[in-house]
Amino acid sequence: MRTIDMSALSVLVADPNPYMVKIIRAMLRGYGITSIHEATDGAVALEAFKIHDIDIAIVDYALTTLNGIELTEFLRGDEANAHRFVHIIMLSVYIEKKRARSVRHSGITE
């Protein structure tokens, strides 16, 4: 069995719920990832992209200031942004078809 070394990855976790952040952080550490950055809202997450070299972002839909879709649209729409094509995974309790379509069209990776 081949193992993948993920220890070099830098991950941003953007979620307003501190308990969810702890759960995600624990899961990431289980994969060997130690470079984990946190944001409590969309504006803080956007700033984190300016400060850190993020490989993967895990965002909640219901972020304040900028929700997960708006954050993604800002990143994907800025052609000068070095993080324009960063992998973005959205976690959300919202499952309506309309919302799922808007998530897909915003450029969310998963």
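Refer to the preceding data block for the structure.
Rules used throughout
Residues numbered from 1 in each chain as written. Predicted model: local features only at pLDDT ≥ 70, side-chain atom pairs only at ≥ 80, totals over all residues. Heavy atoms only, no water. Pairing = 2+ DSSP bridges. Helix = DSSP H or I, 4+ residues; strand = E, 2+ residues; numbered from the N terminus. Axes fitted to C-alpha atoms, helices over the stretch in contact; angles between N-to-C directions. Contact = heavy atoms within 4.5 Å. Buried < 20%, exposed > 50% of the residue type's maximum accessible area, 1.4 Å probe, protein only. Salt bridge = Lys/Arg side-chain N within 4 Å of Asp/Glu carboxyl O.

K.L.:
Is there a simple way to think about the sheet that holds strand β3 (residues 56-60) in this case?
P.N.:
Strand pairing in a sheet relies on backbone hydrogen bonds, with the paired strands running either antiparallel or parallel. Here we have four strands laid out as an open sheet, ordered β2-β1-β3-β4, and parallel in their pairing. The outermost strands of the open sheet, each flanked by one partner alone, are β2 (35-39) and β4 (87-91). Pairs of neighbouring strands in the sheet enclose a mean axial angle of 20°, with direction left out of account. Inspection of the sheet shows β3 paired to β4 by five bridges, in the parallel sense. Bridge pairing links I56 to H87 in β4. Strands β1 (10-14), β2, β3 and β4 of the sheet are contacted by helix α1 (residues 18-30), whose axis makes an angle of about 165° with β2. Contacting β3 and β4, helix α3 (residues 68-77) crosses the sheet at an angle of about 170° to β4.

K.L.:
Which parts of the structure should I look at to understand unusual backbone geometry?
P.N.:
In most cases, non-glycine residues show a negative phi, while peptide bonds are predominantly trans. Of note, the phi angle at T65 is positive, near 65°, even though the residue is not glycine. Summarising the element assignment, T65 is placed in the loop between β3 and α3. Of the residues examined, T65 reaches a relative accessible area of 59% and is grouped as exposed.

K.L.:
Where do I start with the pattern of salt bridges in this structure?
P.N.:
Side-chain pairs of opposite charge can arise whenever the charged atoms involved come near each other. Going through the model one piece at a time under the given rule, you end up with two salt bridges. Here K50 ties to E47 by a salt bridge, and the two come within 3.2 Å at their closest N and O atoms. With K50 and E47 both in helix α2 (residues 42-51), this residue pair falls three residues apart, about one helical turn. Residue classification places K50 among the exposed positions, given a relative accessible area of 62%.

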